[in-house]
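Each chain, written out:
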There are 2 protein chains.
Amino acid sequence: MATIQDVAKMAGLSRTTVSRVINQHPYVTEEKKRLVSKAMKELNYVPNSSARRLRRQQTETIAVYVPRITNPFFSHLVEVMEKEAAKKGYQLILCQTSYKKEQERSFLELLKTKQVDGLILTSIENDWSEIEPYLAYGPIVVCNEYSDSAQVPLVFLDQIEGGYIGTKHLIEQGYTKLGYCTGDHKSSRVAHDRRIGFLKALNEAGLQMKDEWYFGGAYSVQDGKNTFETLRNLEDPPQALFTGSDEVAAGIVKAAGDAGWNVPQDLAVIGFDNQPLAELMELTTVEQPIESIASQAMGLMIESIKSKRASVRKEVILPLKMIQRSST
Amino acid sequence: MATIQDVAKMAGLSRTTVSRVINQHPYVTEEKKRLVSKAMKELNYVPNSSARRLRRQQTETIAVYVPRITNPFFSHLVEVMEKEAAKKGYQLILCQTSYKKEQERSFLELLKTKQVDGLILTSIENDWSEIEPYLAYGPIVVCNEYSDSAQVPLVFLDQIEGGYIGTKHLIEQGYTKLGYCTGDHKSSRVAHDRRIGFLKALNEAGLQMKDEWYFGGAYSVQDGKNTFETLRNLEDPPQALFTGSDEVAAGIVKAAGDAGWNVPQDLAVIGFDNQPLAELMELTTVEQPIESIASQAMGLMIESIKSKRASVRKEVILPLKMIQRSST
DNA sequence: TTGTACGCGTTATCAA
DNA sequence: TTGATAACGCGTACAA
């Protein structure tokens, strides 16, 4: 493997000059530039990135935390981030926390050991107080999640609005008995906010909700199917259901169909995300502008790396959009 | 940021000894070990990974190529690989080729510039001759794809068998007019082999196929819907359809249902992959053992990195499995 | 416009 | 059992 030294020797110049050519410094004669380029090509030379990293104290690598990459929401987020990063010459290291606090913590070392220039968190398992100290080692951007105390850029969606417009849509369709079905993730503000939006819409319309119309802990298609089983055995079931994800909504619609119910006549269902599956099942849903969260988060990350300024809090709140299909 | 020098000073020892403690070399007194550990903790010291990489000439990082991470097949593959890698102390760099030759080529530089120890390819866009020279810089493992000339470990599925068992299943159900619907990716041997399996089953049963029962270029749900539109306008449509993916199969089933056709009475459809969507739509499908391809590929990769032997060809062929549901 | 010399933080070699 | 010293490959003051 050729080093910069070999190139210098072949070109009959010093390492410094070669380095200058590589890094496009001014004050190098065109002639020597050519000489260097020729030698580089001949030796099939490429700068060693470990040496560069050490010298420059930066890695041009960014770590992205997701719970699981198989979750379509997160894989879409990562897809956009990776492209955005590649465009600007950055690599992406994928970190799956599997919803586990200790996994998340162990990945934090990447920043401390200078394996990456920065961290983008798309989910947060630990208390912010666990994460905060690592800010000393590099920038952190939070994306999709929310934290009150984090002094970092936060890019997230207006989930209150999301809960509100989804619910309002159901109300406008004439349903009055509305149920609520979501996952209920620990620290997650997302679920919390959506619920507030849901209740706000209910209040405005002067509607009441029964306790038994609340279904928690639903994440998957299977959970959706189970939810329907519970629902159908209710004496007074809801007419319409607000759900926290397209998967759950799809499960409910599927189980309802199998049981001979008509959607939306017997039961209306609204999903969340506008995943490919939502189109397939013709689910009304609330679309999250994933591409725009992802690219904004990555943009803020690279900006933070380059500016080297101390981290400051900055909220970027993005709007959500109703997509109406035939499940409501 | 504390360095090994700082630790040495605080512990009143040499850098060498500190390094020995960090790397668990023998011949260090328990007492000095304690001294060092204490200093490390006090200074909140962590070895700088760039320096380590430079010195050791390895990165503990592996690049994984996928076309797009949003494709559920690949995200599942990556999910397993990342976990497997993390378990063994390796990081994963995600490279999306977007099915583009030049993207793929540009990522190859990662190996040459020593940013990663090795490459796992889950898809191949360029001719192998383009990739082969990079073997000089580190190991490459091919996973899910196939190449005749590649002198590297290859982990792939017996797609001939896949095409065969899927088709045979249809024949056993009594269908005699079988159609074939897949994507047709350039260099991909996958599609090629499945087709061979399909034809083999047909031959064995003495069945003929009409040209118009072949539908190409189908990848997405939407493609599946379009395929159904074409099919329904045929004078003599096939009774059953072998498809190359669950997405396509789902699109067909959905469009058929919307058009008032009964599945499987009017049209039977078999998918491929056994994705979550297949369960939702109750698609009969051919399951690919994704977890096992992924972990075997990663295992072979890490083995190659550690052994440092020259790359040799080695084929690992994994079996496929029928999953029967109600679409056939 | 070019070159000399030092340092980035580790680890491997050799000698003590 | 420990320590001094020389790499690993590169970039950049500083001097010329």
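Going by the structure above, here's the rest.
A quick note: this is a predicted structure, and the numbers were derived from the prediction, not measured.

(A) Structural detail: the protein's contact with DNA strand C. Neighbouring DNA strand C are 27 residues; T16, T17 and T29 of chain A together with I4 and R55 of chain B lie closest to it. The sugar-phosphate backbone supplies 58% of the atoms of DNA strand C found within 4 Å of the protein. Within the side chain of R15 of chain A, one N or O atom sits 3.1 Å away from a base nitrogen of DNA strand C. One of the side-chain N or O atoms of Y45 of chain B is found 2.7 Å from a phosphate oxygen in DNA strand C. The set of elements that each furnish at least two residues to the surface near DNA strand C consists of α2 (15-22) and α4 (49-56) of chain A together with α2 (15-22) and α4 (49-56) of chain B. Among the elements that make up the surface near DNA strand C, the one with the highest residue count is α2 of chain A (four residues).

(B) Main features of the protein's contact with DNA strand D. Surveying the vicinity of DNA strand D reveals 27 residues, the closest of which are I4, Y45 and R55 of chain A together with T17 and T29 of chain B. Among the atoms of DNA strand D close to the protein, meaning within 4 Å, 54% are from sugar or phosphate groups. Side-chain polar atom of R15 of chain A to a base oxygen of DNA strand D: 2.7 Å apart, as the coordinates give it. Residue Y45 of chain A places a side-chain N or O atom 2.5 Å away from a phosphate oxygen belonging to DNA strand D. For the surface near DNA strand D, the secondary-structure elements that each account for two or more residues are α2 and α4 of chain A together with α2 and α4 of chain B. In terms of residue class, the surface near DNA strand D is built from eight nonpolar, eleven polar and eight charged.

(C) Region of the structure containing the pairing of strand β1 (residues 61-66) of chain A. Residue and element names in this part refer to chain A. By the criterion of burial, β1 is predominantly enclosed, with six of the six residues buried. Looking at chain direction, β1 and strand β2 (residues 91-96) are connected through six bridges and run parallel. Within β2, the position partnered with V66 by the bridge is Q96. Assessed by its sense of winding, the connection that carries the chain from β1 through helix α5 (residues 72-87) to β2 is right-handed. Here four bridges tie β1 to strand β3 (residues 118-121), and the two strands are oriented parallel to one another. Of the residues in β3, the one forming a bridge with A63 is L119.

(D) The arrangement of the packing of aromatic side chains in detail. Applying the stated criterion across every chain yields a total of 20 aromatic pairs over all chains. Pairing Y180 of chain B with Y214 of chain B gives two aromatic rings, centres 6.1 Å apart and planes at 15 degrees, and the pair type is stacked. One end of the pair, Y180 of chain B, is in strand β6 (residues 178-181); the other, Y214 of chain B, is in strand β7 (residues 214-215), with 34 residues separating them in the sequence. An aromatic cluster is built from Y180, F198, Y214, F242 and F272 of chain A, whose rings are joined through pairwise contacts. For R194 of chain A, the ring lying beneath its charged end belongs to F272 of chain A, and the centroid distance is 3.6 Å.

(E) Broad picture of the relation of the copies chain B and chain A. The transform that puts chain B on chain A rotates by 180 degrees and translates by 0.0 Å along the axis, for an RMSD of 0.1 Å. Classification of the inter-copy transformation places it as that of a two-fold axis. The position closest to the rotation axis in chain B is occupied by the C-alpha of I93 of chain B, lying 2.3 Å away. In this assembly, 100% of the residues forming the interface of chain B have copies in chain A that are likewise at the interface, indicating an isologous arrangement.

Reading guide: rules and limits
- Residues numbered from 1 in each chain as written.
- Chains lettered and ligands numbered in written order.
- Predicted model: local features only at pLDDT ≥ 70, side-chain atom pairs only at ≥ 80, totals over all residues.
- Heavy atoms only, no water.
- Near = heavy atom within 4 Å.
- Polar contact = N/O pair within 3.5 Å; in protein donor to acceptor, adjacent residues only side chain to side chain.
- Helix = DSSP H or I, 4+ residues; strand = E, 2+ residues; numbered from the N terminus.
- Nonpolar A, V, L, I, M, F, W, Y, C, P; charged D, E, K, R; others polar.
- Buried < 20%, exposed > 50% of the residue type's maximum accessible area, 1.4 Å probe, protein only.
- Pairing = 2+ DSSP bridges.
- Right-handed = clockwise from strand over helix to strand, strands pointing away.
- Phe/Tyr/Trp six-rings, centres within 6.5 Å; stacked < 30°, edge-to-face > 60°.
- Lys NZ or Arg CZ within 6 Å of the ring centre and 35° of its normal.
- Least-squares fit on C-alpha atoms with pLDDT ≥ 70 in both.
- Contact = heavy atoms within 4.5 Å.

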